[in-house]
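Structural description and commentary
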Amino acid sequence: MTKPIALALGLLLCLTALTAAGNGEDPLISLSYLTGDFSATLDAAISAKLDASDEAIRAGWSQTPPSDGSAEAPGISGLVERTLKEGDVLSGSTGLSLTPLGGDVRLDAAGAVVDVTEGAEVSSGQLLRQNHRYIVAEDAAVSFVVASPAAVVSYEGGGTLALSLAPDYYAMSCALRELNLFQGSGSGIGEGFDLYKAPSRGEGLVMFLRILGEEEQALASGGGHPFTDVPGWLDPYVSWAYQRGYANGIAAGKFGCTQPISAIEYEEFLLRALGYSTVGVDDYSTSLERALACGALTAGEYEVLRSGGFLRAHVAYISYYALDMPVNGSENTLAQRLTAAEVMTEEQLVQARSQVNSSRIS
């Protein structure tokens, strides 16, 4: 059987481009060390690990986390791209490589870890740079710890993944996608959910209209709006929202499609969808407090939203749990209203809910 040692060879080719030896004042690793002891030891270690894990590669690995989120998933050597949540830890030793594609990942290391892209050794405790490839050197034991609500990573060469009990924003995003309420951005990373990014006003508006069950009407509408900064794909949504009085611009002729939307603003949208606020409310500053008072937010969720940055992960989270909230003046939940409006089916709702195993923040 041919050993897949492309990882070690790729590392060696990248590192032979370095021409300066390292010292105490220079962060670059010694060229003689990289092309000699390091590469030889790494090559041998990777080959051994690949031989030992052939059966695991052939068998594959189910990426579905356990119901309590606390168990460890078995290590594999094949290339894996995965969306992780805060507190998830990928641990391993010589030959494990990881590339952060989005979100924050912190290195906890005992031994050397090389940033192959930069050609430098990385210190324990640092946040890793996105789209840089990191390889664990010989005699090292490391943990890559997710330090943001969500992160997308690519890794290979073995390792063990320990799953935290944090909210699984990715699972909620997949559930909402099945319900036709949440879509990816088309970035190609982590299925395009971009959970580690701040949502824009345009994205928030689209989500609001979906939660209302009015996306089809918006797409079919022929109304206009006075804004000059609206891209073509968003134009029918803005037109519908403007004609219905749901949203106004940020200045004369400007809707501010690409500007970030805050937790306060998005929660106001949800309160309107649930009937606990009305069009025409100009003071959004108390939306989180009002959501807490009516039961749309728990105390823990309120603290998270008012104290940290607002990300697409949070949009998915509060939208997912808003489905369980009774519509004001009715015994029906938002999910039941959307089912009655044929935005989703009961079967879709049951299937979507089965994907989410993490607990709500209390």
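So, here is what we can say about the structure in this document. Note that the coordinates shown come from a computational prediction; the quantities given were computed from them, not determined experimentally.

From N to C terminus, the chain includes 13 helices and 11 strands. A separation threshold of at least 6 residues defines the contact pool for the chain, and within that pool the share at least 24 residues apart is 69%. Carbon and sulfur atoms make up 52% of the accessible area of the chain, which amounts to about 16200 Å² in all.

This part takes up the side chain of threonine 99. Of note, threonine 99 is situated in strand S4 (residues 97-102). Residues in contact with threonine 99, not counting those within four places in the same chain, are Asn131, His132, Arg133, Val152, Val153 and Ser154.

Looking down a regular strand, the side chains alternate between one sheet face and the other. The buried count for strand S2 (residues 80-85) comes to five of six residues, which makes it a mostly enclosed element. Across six bridges, the pairing between S2 and strand S10 (residues 150-156) is antiparallel. Note on S10: the bridge partner recorded for glutamate 81 is serine 154.

All right, on to the environment of aspartate 168 then. For aspartate 168, the location among the structural elements is in the loop between strand S11 (160-162) and helix H4 (169-178). Its relative accessible area of 14% is what places aspartate 168 among the buried residues. It is 7.7 Å that separates the C-alpha atoms of aspartate 168 and asparagine 357, two residues lying 189 residues apart in sequence. For aspartate 168, the side chain forms a polar contact with the main-chain nitrogen of alanine 171, separated by 3.1 Å.

This model, assessed by the stated rule, comprises 10 aromatic pairs. Between the aromatic rings of phenylalanine 227 and tyrosine 242, the centroid separation amounts to 5.5 Å while the plane-to-plane angle is 85 degrees, which identifies the pairing as edge-to-face. Highlighted residues: phenylalanine 227 in the loop between helix H6 (215-220) and helix H7 (235-244) and tyrosine 242 in helix H7, separated in sequence by 15 residues. By relative accessible area, tyrosine 242 is classed as partly exposed at 33%. Ring plane angle 35 degrees and centroid distance 6.2 Å describe the contact between tyrosine 266 and phenylalanine 310, whose orientation is recorded as tilted. Residue tyrosine 266 is located in helix H8 (residues 263-274), and its partner phenylalanine 310 is located in the loop between helix H10 (299-307) and helix H11 (312-322); the two are separated by 44 residues in the primary sequence. On the basis of relative accessibility, which here comes to 10%, the residue phenylalanine 310 falls in the buried class.

Turning to H8, a few remarks are in order. Given 3.6 residues to a turn, an α-helix orients residues that are three or four positions apart in the same direction. Look at H8: 16 Å from first C-alpha to last across 12 residues, which is about the 16 Å you get at 1.5 Å a residue. Among the 12 residues that make up H8, 10 are buried, leaving the element largely enclosed by the rest of the structure. For H8, every residue scored as buried is listed here: Ala263, Tyr266, Glu267, Glu268, Phe269, Leu270, Leu271, Arg272, Ala273 and Leu274. Where H8 ends, the next residue or the one after it, glycine 275, has phi of about 85 degrees, a positive value.

Each value, and the rule that gives it
Residues numbered from 1 in each chain as written. Predicted model: local features only at pLDDT ≥ 70, side-chain atom pairs only at ≥ 80, totals over all residues. Heavy atoms only, no water. Helix = DSSP H or I, 4+ residues; strand = E, 2+ residues; numbered from the N terminus. Contact = heavy atoms within 4.5 Å. Areas by Shrake-Rupley, 256 points an atom, 1.4 Å probe, with all protein chains shown as cover. Buried < 20%, exposed > 50% of the residue type's maximum accessible area, 1.4 Å probe, protein only. Pairing = 2+ DSSP bridges. Polar contact = N/O pair within 3.5 Å; in protein donor to acceptor, adjacent residues only side chain to side chain. Phe/Tyr/Trp six-rings, centres within 6.5 Å; stacked < 30°, edge-to-face > 60°. Expected span 1.5 Å × (residues − 1).

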